[in-house]
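One letter stands for each residue in the lines below.
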Amino acid sequence: MIEVVFGYGPVSPKRWLELEQAFEGCKVGLVYVTAFLDRAEFRKNAADIAWETEVWIAESPDHMIHFNGDRFLGPHGPKQS
């Protein structure tokens with residue numbers, strides 16, 4: 001699920017619960033992503049983003065921010081050139 005900030009807003013804890021209820025019969029695992037146009041918009045909304053969600057920022061399209069989870073401070077493989 002991708003929420004675009006200028007649409008509904010970030011995946012907040014309240015929105016997380018709404019989406020969980022809406023897709024309660026879904027057989028596949030859900031990934032929640034909040035999409036921002038730029039870092040300035042991300043900073044305005046960062047406090048409202050729910051744990052266990054992803055953030056994608058259009059001005060840095062090759063990177064994502066993960067809010068907690070099983071890879072928190074985990075090792076990464078060799079750097080790709």
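An account of the accompanying structure is given in this report. (Residues numbered from 1 in each chain as written. Predicted model: local features only at pLDDT ≥ 70, side-chain atom pairs only at ≥ 80, totals over all residues. Heavy atoms only, no water.)

**As for the overall build of the chain**
- Each helix and strand counted, the chain has two helices and four strands in total.
- The helix and strand sequence of the chain, counted from the amino end, reads β-α-β-α-β-β.
- Per-residue burial for the chain yields a buried fraction of 30% across its 81 residues.
- Look at the contacts in the chain between residues 6 or more apart in sequence, and 33% of them connect residues 24 or more apart. (Helix = DSSP H or I, 4+ residues; strand = E, 2+ residues; numbered from the N terminus. Buried < 20%, exposed > 50% of the residue type's maximum accessible area, 1.4 Å probe, protein only. Contact = heavy atoms within 4.5 Å.)

**Considering the pairing of strand 3 (residues 54–57)**
- Pairing geometry for strand 2 (residues 33–36) and strand 3, over four bridges, is parallel. Pairing of V33 across the sheet is with E54, part of strand 3.
- For the crossover from strand 2 across helix 2 (residues 39–45) to strand 3, the handedness is right-handed. (Pairing = 2+ DSSP bridges. Right-handed = clockwise from strand over helix to strand, strands pointing away.)

**Describing a nonpolar patch on the surface**
- Residues I2, V4 and F6 make up a contiguous nonpolar surface patch of about 350 Å² in total accessible area.
- Inspection of the secondary structure puts I2 in strand 1 (residues 2–4). (Patch = residues over 30% accessible without salt bridge, like charges linked within 9 Å, V, L, I, M, F, W, Y side chains within 5 Å. Areas by Shrake-Rupley, 256 points an atom, 1.4 Å probe, with all protein chains shown as cover. Salt bridge = Lys/Arg side-chain N within 4 Å of Asp/Glu carboxyl O.)

**Things to note about unusual backbone geometry**
- Positive phi, normally seen in glycine, also occurs at E52, with a value near 65°.
- Relative to the assigned elements, E52 resides in the loop between helix 2 and strand 3.
- With a relative accessible area of 39%, E52 lands in the partly exposed category.

**Comments concerning the nonpolar core**
- In terms of nonpolar packing, the biggest core is built from seven residues, these being V5, F36, F42, I49, V55, I57 and F67.
- Setting aside residues up to four positions removed in sequence, F36 forms contacts with V5, P10, E41, F42, N45, I49, V55, W56, I57 and A58. (Core = buried A, V, L, I, M, F, W, Y, C linked by side-chain atoms within 4.5 Å.)

Any functional reading would require information beyond the geometric quantities listed.
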